[in-house]
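# Observations on the three-dimensional arrangement
Each chain, letter by letter, is given below.
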Amino acid sequence: MNRIYFTTPIYYVNDTPHIGHAYTTVVTDILSRYFKLIGYESYFLTGTDEHGQKVQNKAKELDRDPQEYVNEMVIRFQEVWKELNIDYDQFIRTTDAFHVKGVQSALQALFDKGEIYATEYEGLYCVSEEIFYTSKDVTDGKCPQGHAVQSISEKNYFFKMSKYQTQLIAYIEAHPDFIRPDFRRNEVLGFLKKPLEDLCISRPKTRLSWGIELPFDSEYVTYVWFDALLNYATAVGYSNGTRQDEFKKRWPHACHIIGKDILNTHAVYWPCMLMALGLPLPQMIFAHGWWLTASNEKMSKSKGPVVKPLDMKNIVGTDPLRYFLARDIYLGNDAQFSQDLVITRVNSELANNLGNLLSRSSNLIEKFYGGEVPNVKESSPDTVQLAKVASSCAQKVKQEVLKFSPNTAIGHVVDLLTEANRYLEVRAPWKSAKTNLTEAAESLYAAMECLRIAAILLHPVMPTKMTELLSRLGWHKTPAFEDALHWGLLEAGAKVVKGDPLFPRYEIKADSGL
Ligand code: MSP
């Protein structure tokens, strides 16, 4: 069986989850569920990044012990993921003992090989990003992201990252799918045109004590990014003698889904670290874009307004929010987020397109066929044509999933539902049922089949609603890709449940502030 190992970035716990975090996690969940549907064995890791200056500062500000503080904060993330129906296989915390051990063993291995050395260093340090900059990156005392930097001079430990520059460029050039989308790959190659510097991987405890102690110098802790990136490997058994088989099984299949703001750490630091450790590189690093406000600003706590995922979820519900996050953005690009946009999308594609098809056909089935899937003997050419569109939909969805393009995968299902509504308009079973029950049965059966196939193919996006939809159609099997490839599987006599609208329509409220 094909394997894939999806990861999200691990989130800083000094922030409460906002729509940006929710997006990375929801889209990774949807991809993981889609890969499962098309027959992959998918493993899904998420977690929290709990060390570093920002967490230490925040805990100090609140007069709290950092461990106690992170223990409390991590629950906020886990609760939101539960509310958003995130089906991860593992949740890693960088304070987990096995991770701390794994990081220390990677550091020791690199130190023993001569890949890490100590030197006096003077640099311009950005506390907000925890990154050292060189003078050419800094303008008016600010880093490229606009945060103030401070000049620092101290002894530190360095990883010989520069020596991997040529090897990394060659690897990226030889593996076109390693960094995606393409324009991000070009960005990284552009960045690698400048000489790569060695990476400072330590912080003196006098300045930062909240981190993983260096195994070869107890006066220092590990730089938070060096610690955090290793989570992808320690989670699946790196350096753990008893989990070697698991590591071999998962590791080469890693697909890191990340935001574009953390591309260089993933596409440069991390591959160099793995090369130095003698480990294979991940299969793919996919950088997604940002959700922007109406004035095209990144939605984040430090800049502009933040939308809490649960605020939006409380308005439209979990599944419609998941649908919007996968549908309204082309994975890789930026897009705007607002309550109006969510509601507009939900109303047009879920309440109208899908919802109308379901309510019209289930109403008529209840009224004229005793609430049971009608028996159909023959198919006219327009039904045969619709059946063709429906049974080719699953393959189209699969192709888009393999391209990591959930929005276009969903688009194919939307097209099928539009086609089914058009077919019903033309055949008007609400009229024919009064005079010709056989003809109306054919139309309604076709509508039910389109809905069944659509529900299977949208199940990874909206697991709860699509399970409900399938059961309303009298289909009680676990959603399986194979069943979406074939037309005509609903059995005559299966009980159809009319129920309340599956997706209510929402009014746009001008003053919500979202
Ligand atoms: N802790 C590091 C990652 C370490 S991974 C080894 C980190 N954490 S974070 O809490 O800042 O989360 C960042 C993730 O949220 C990134 O993938 C980032 O792109 C995503 N988003 C934050 N705001 C965003 C938007 N407005 N839109 C989409 N995603 C953005 O970085």
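Coordinates for the structure precede this section.
Residues numbered from 1 in each chain as written. Predicted model: local features only at pLDDT ≥ 70, side-chain atom pairs only at ≥ 80, totals over all residues. Heavy atoms only, no water.

## With respect to the nonpolar core
Operational definition: Throughout this description, the term nonpolar core refers to a set of buried Ala, Val, Leu, Ile, Met, Phe, Trp, Tyr and Cys residues connected via side-chain atoms within 4.5 Å. Between buried and exposed lies partly exposed: a residue is buried under 20% and exposed over 50% of the maximum accessible area for its type, with that area taken using a 1.4 Å probe on protein chains only. A run of DSSP states H or I qualifies as a helix once it reaches four residues; a run of E qualifies as a strand once it reaches two. Both are numbered from the N-terminal end. Here a residue-residue contact requires only that any non-hydrogen atoms of the pair lie within 4.5 Å.
Ranked by size, the top nonpolar core spans 108 residues in total, and within it Phe337 and Phe404 carry the most contacts. In terms of residue count, helix α17 (residues 437-458) provides more of this core than any other element does, 15 residues in total. Those residues in contact with Phe404 that lie beyond four places of it in its chain are Ile4, Phe6, Leu31, Phe35, Arg180, Cys255, Ile257, Met284, Phe286 and Leu331. Counting residues in hydrophobic clusters, the runner-up holds 66 residues, among them Ile10, Tyr223, Tyr269 and Leu279.

## So, unusual backbone geometry
Pro181 follows Arg180 through a cis peptide bond whose omega is -10°. Secondary-structure assignment places Pro181 in the loop between β8 (179-180) and α6 (182-191). The residue Asp63 is not glycine, and still its phi comes out positive at about 60°. As for its position among the elements, Asp63 is in the loop between α2 (53-61) and α3 (66-83). Phi is positive for Ala428, which is not a glycine, with a value near 40°. By the secondary structure assignment, Ala428 is in the loop between α15 (406-427) and α16 (429-435).

## Things to note about the pattern of salt bridges
Stated formally: We count a salt bridge whenever a side-chain nitrogen from Lys or Arg sits within 4 Å of a carboxyl oxygen from Asp or Glu.
Overall, the coordinates contain 29 salt bridges when judged by the stated rule. For Glu425, the salt bridge goes to Arg360, with nearest N and O atoms at 2.7 Å. Note that Glu425 is positioned in helix α15 and Arg360 in helix α13 (residues 339-369), a separation of 65 residues in sequence. One salt-bridge network, held together by shared partners, links Arg327, Asp328, Arg345 and Glu349.

## Description of the environment of Ser105
Along the chain, Ser105 turns up in helix α4 (residues 97-112). Sequence separation between Ser105 and Trp487 is 382 residues; the distance between their C-alpha atoms is 55 Å. Once residues within four sequence positions are removed from consideration, Ser105 is found in contact with Tyr238 and Ser239.

## Notes on the side chain of Thr222
Mapped onto the fold, Thr222 is located in strand β12 (residues 217-222). Its relative accessible area of 2% is what places Thr222 among the buried residues. Among residues more than four places away in sequence, those in contact with Thr222 are Val103, Leu107, Ile201, Ile212, Glu213, Leu214 and Asp227.

## Here's the deal with the sheet that holds β12
In plain terms, the rule: When DSSP finds two or more bridges between two strands, those strands count as paired.
On the basis of which strands lie adjacent, the open sheet formed by three strands has the order β10-β12-β11 and antiparallel pairing. Of all strands in the sheet, those with a lone pairing partner are β10 (202-204) and β11 (213-214), marking the two edges.

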